[in-house]
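# Observations on chain architecture
Each chain, written out:
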Amino acid sequence: MDIWEKLNTIDRRWIYLLMFLSILFPTIFVMKFPIELTPEAEQLYNAVEELPDSSVVMLTFDYYASALAETEPMSIAALRHMWRKDMKIITLSNIPLGGPTIAERVTREIAKEFDKVYGVDFVNLGYKANYVAVMHGLASSIESIFPTDYTGTPLSELPLMEHVKSYDDMKFIYCVADNATVDYWISIVNAQYDIPVGSGVTAVMAPKMYSFLEAGQLTGLLGGMKGAAEYEKMVGALGTATIGMDAQSMAHLLIIFLVIVGNVGFFMNRRKAKDAKE
Amino acid sequence: MRKDIDIFSIVKKLQAIRTLPVILLTITMSLILNSQAFAQDFGDSVFILPRMTVLILLLVFSSAVLLYTKWAKAGKKLFIRKIAGVDAVEDAVGRATEMGKPVLFIPGIADVEDIETIAGIAILGRVARVTAQYETPLLVPVRYPMVLAASQEVVEGAYAEMGKADSYDKDTVRYVAGEQFAFTATVNGMMMRERPAANIYMGGFFAESLLLAETGNAAGAIQIAGTARPEQLPFFVAACDFTLMGEELYAASSYLSKEPLLLGGLKGQDFVKVLIIIAILIGTLLVTFDIGDWYTNLFDVP
Amino acid sequence: MRTTIPIIVAFLAGTLLIVSFFFHPETIWIGDAKEVILQWMTIVGGFALVLGVVSIVRVNARAVQRKSEGWFYKLMTVISVFAMAIPAMMPVTKESVGGSIFYSIFPDSWMGYLGTGSNSFYDWLFNYVDAPMMETMFAMLAFYIASAAYRAFRARNAEATLLLFTATLVMLWRVPMGEAFLRLFSDNLPGYINTYVMGGFNVAVQRGIIIGAALGAASMSLRIILGIERTYMGK
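Rules used throughout
Residues numbered from 1 in each chain as written. Chains lettered and ligands numbered in written order. Predicted model: local features only at pLDDT ≥ 70, side-chain atom pairs only at ≥ 80, totals over all residues. Heavy atoms only, no water. Helix = DSSP H or I, 4+ residues; strand = E, 2+ residues; numbered from the N terminus. Buried < 20%, exposed > 50% of the residue type's maximum accessible area, 1.4 Å probe, protein only. Contact = heavy atoms within 4.5 Å. Areas by Shrake-Rupley, 256 points an atom, 1.4 Å probe, with all protein chains shown as cover. Phe/Tyr/Trp six-rings, centres within 6.5 Å; stacked < 30°, edge-to-face > 60°. Lys NZ or Arg CZ within 6 Å of the ring centre and 35° of its normal. Buried area = accessible area lost by both parts, 1.4 Å probe. Salt bridge = Lys/Arg side-chain N within 4 Å of Asp/Glu carboxyl O. Polar contact = N/O pair within 3.5 Å; in protein donor to acceptor, adjacent residues only side chain to side chain. Nonpolar A, V, L, I, M, F, W, Y, C, P; charged D, E, K, R; others polar.

## Some words on the overall build of chain A
Scanning chain A from N- to C-terminus turns up eleven helices and six strands. Overall size of chain A, expressed as C-alpha extent along the three principal axes, is 80 × 35 × 35 Å. Counting across all 278 residues of chain A, residues that qualify as buried make up 59%. The long-range fraction of contacts in chain A, counting pairs at least 24 apart against all pairs at least 6 apart in sequence, stands at 73%. If you sum the accessible surface of chain A, you get close to 11,300 Å²; carbon and sulfur atoms cover 59% of it.

Given below as C-alpha cells:
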C-alpha cells in the first residue's frame, strides 16, 4: 500500500490527535490576530447603542450548557453594553436545563461590576415550559406567565416589574440562543408584536439567520464565537471569545489542510486506478 | 388493505345521525354569539383583518391539496419523482436482515408537537412494517416521553398489522434521556455495542446530528437521514449514505406507502410551490422597478 | 372506533388552532383557544414524563437484574435519574406544598439544598457534573467535523469542487487568521464573501429549503387534520 492509499484509509484517531494539538497550541502560544467587524455584528451593537439610556430590554438565555463557549461571551458582552447605558434588563430562558441557572450566575456576576441591584435593575424570570405559549403570553401579561421570578419572589414585589407589564414596555429583545427558539422570537414576537429582535447564535445556526437578517426581521446578528469576539471588541471588554479566536483559527486551518491532503490522495488514487485500467 | 377512513367519510357517517351536526353547530354558534365581541362592533374587533391574506393563501393551499387528492382517489395517474433516500430504506432493512443485525431508527430529538417528529414517526410506521415482516430487530431510542408513547403505538400497530404481534418487544421503543447529549452518548454507545447494520435518522435534529452520523459511519452502518433543518443538512450529507432534504422528509411516508390518496397531497403541495415561485418572481420584478410597495404590503402579516 | 375518534379529535384540535389565528384573543373565546390547547399540551406532556421514567427504569433495571454487560453503568443511570429529580422536587420552604409535613420530619437545615435554586443539590450537580459533560460532548464536534470533512469533502465533480472552494473561503473568512490571509489578496475580499456568499447564495439556498420544508410541513399537517395521513397513529 503506497502513501496515497494509506492517506485514504487513515485511522480517524490521527485526525483527532491533530485537531487536539491544533487547539492546544494557540492556547499556550497566543497569536492575537486582529478581529475585523462584520456589518451584521455592528448593526446589533448600533441597535442597542441607539436605544435611549435606561430603556427596558429583554435578554434571553436560550442555550444549554453545551454551547457555553460560543454563547456565554455574547451574553456577558451584551450585559456590559446594556448596563453601561444604565438599561433595565429582564432575562428569561426557554431552555429548562441550564438556561435559567446560567442566566442567574452570569447576570449576578456582571451586576457586581456595575453595582446593579436585583429587582431594580434586572430581573430573572426563569423558565416556563412551552415557549410558543410563553412568547404569546408575554404580549398580554408577563405576570400571567411568570407570577414569580426565578427565585420564587412574586413579580408584584419587584420594583422593576411595576412598570413592565408586557412587550409594550420593552424596547428591544436580545436573543442569545443555540437552538430553534430564536426562529420563534422572530416569527412570533417580531412579526406579530412588532418589537425589534437581535440575536446571537452558534456558528452552525448563523447561515440560516442571514435570511431573516436580509428580510429585515432580525436587527443584527452575532454568529458563533467570532461574533461574540466582535461584540467584545465593540464593547471594549475583551473576554473568552477573543481568547478562543486563535484556537478556532488553527482548527479551521487544520480542516482546510486536511481537505487539501484528502483531495490530493483522492486524485492520486484515481489517476493510479485509471493507469491500471489502461 | 387500508380502510378508507378520513374526515370526509366520518362526516358522511355522521350525516346519517342528523341531530349530531345540528347540536354541534348550535353549541358553536351560541358560544360565538354569547361572546362580548358580538355585542360590540363586528369585524375588526373579532377578526384580525390584516391576517386575511393568510386565510386566502390557506384556502388556496388546502383546495390544491384536496383537489389533487380527489383526482388521485378517482384513479388519475400522478407522477412523483424518485427519492433515492426513501428507496434506500427497504434495501437498508434488507441488508440488516441478511446480516442478522438490528436496524436503528431515531425519530429526531424534538418533541411530539414538532411536525418533523410526526413525519419521523410516520416513516417509523413504514419501517416497522418491513422489520416486522422480516423479523429484524428494531431499536428506537427516543428523547421525549410523548414521542415514546406515540412511537410505541405506531410500532406495535405495525407488528400487529403484519401478523407479528407476538414478535413485538415492548422495549423496542425506549426512552433514553431528556438531555440532548446524554441521549447522544447513549445512542452512540448503542451503535458501538450492538452494531446496527442500518441507522435511519428521520426528524428534527440539532448539534448531535454529526456526533450520531459519524459514530454510525465508524460503526460501518448504512445510514439514511432526513431533516427539515437546513443547518444540520451539511453534516448528514457528509456522514450519511442518503439524505432527505427539507420537504422530502414530509413526503417520505406518503412515498413509502405508495397510496394514491397520500401522493395526491404531494402533488397539491407542488402546485402551490409553483404559485409561490410565480409570486416571488412578480415581487422581484415589481420591487426592482420600484413599484412593488403595495405588493409586498399584501404579504406583510402581523 | 379506535380510528374514528382519534381522527375527529385531531380534526377538531387542528382546525381550532388554525381558526383561532384569525380571531382576537381579547374579544372572542376562539381567539384564545390556541393558548388553552397549548396549556393542555403542557399538562399532558407532564403526565407523559411518567412513561419516560418507567421506560428508562424498566430497560436498565432488567439489565442490572440479569447482570448483563455494562450493568454497573445502567445502575448508575437509574441512580442518576433519581438523584437529580428527587431533591429538585422536594419542598424548598415550610410554606411550599407539603413543606410543613416534610420539615416536621427532616431538619430545617436541608432547605437550602433542596429545589433548583442557587447552591441546591440540583444546582451543584448541574454546574459541576452535567454542564461539563454536556460541554465535552459538544466539543467533540470539532474532532468529528475534521474527520467528516477529510473523508467526505472530495472534488468528485464540478459541483463538489465549487462547494469545496466556497467552503474553504468561508472557513478562512470566519476566523481572524484566515481573514488576515484573505486580505493579502484584496482588502475587499472578506466583505465580498459576506455580501455575495453569505448574504447572496447562502440566503437563496436557505430560503429555498425553508419554503419547501414549510410547505411540506403544512401539507403534512393538512393530511393529518383531514385524517388522510394516519401512519403516526400506527394505522
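## Things to note about the packing of aromatic side chains
All told, the structure shown has 32 aromatic pairs over all chains when counted by the stated rule. Their ring planes at 80° and their centres at 5.1 Å tell us that Phe102 of chain C and Tyr103 of chain C sit as a pair that is edge-to-face. Just as Phe102 of chain C is buried, Tyr103 of chain C falls in that class too. Ring-pair connections join several aromatic residues into one group, and the members of that group are Tyr45, Phe172, Tyr174 and Tyr231 of chain A. Above the face of the Trp71 of chain C ring, Lys67 of chain C is positioned so that its terminal group lies 5.1 Å from the ring centre. Above the plane of the ring of Trp173 of chain C lies Arg174 of chain C, whose end atom (NZ or CZ) is 5.0 Å from the centre.

## Some points on the interface of chain A and chain B
Across the contact, ten residues belong to chain A and 16 residues belong to chain B. Summed over both partners, the interface of chain A with chain B buries about 1,000 Å², with 54% contributed by carbon and sulfur atoms. Inspection of the region where chain A meets chain B yields one salt bridge. The shortest N-O distance in the salt bridge between Arg12 of chain A and Glu214 of chain B comes to 2.9 Å. Joining chain A to chain B, the criterion identifies four residue pairs in polar contact (both at pLDDT 80 or more). When its residues are assigned to classes, the side of chain A that touches chain B shows six nonpolar, two polar and two charged.

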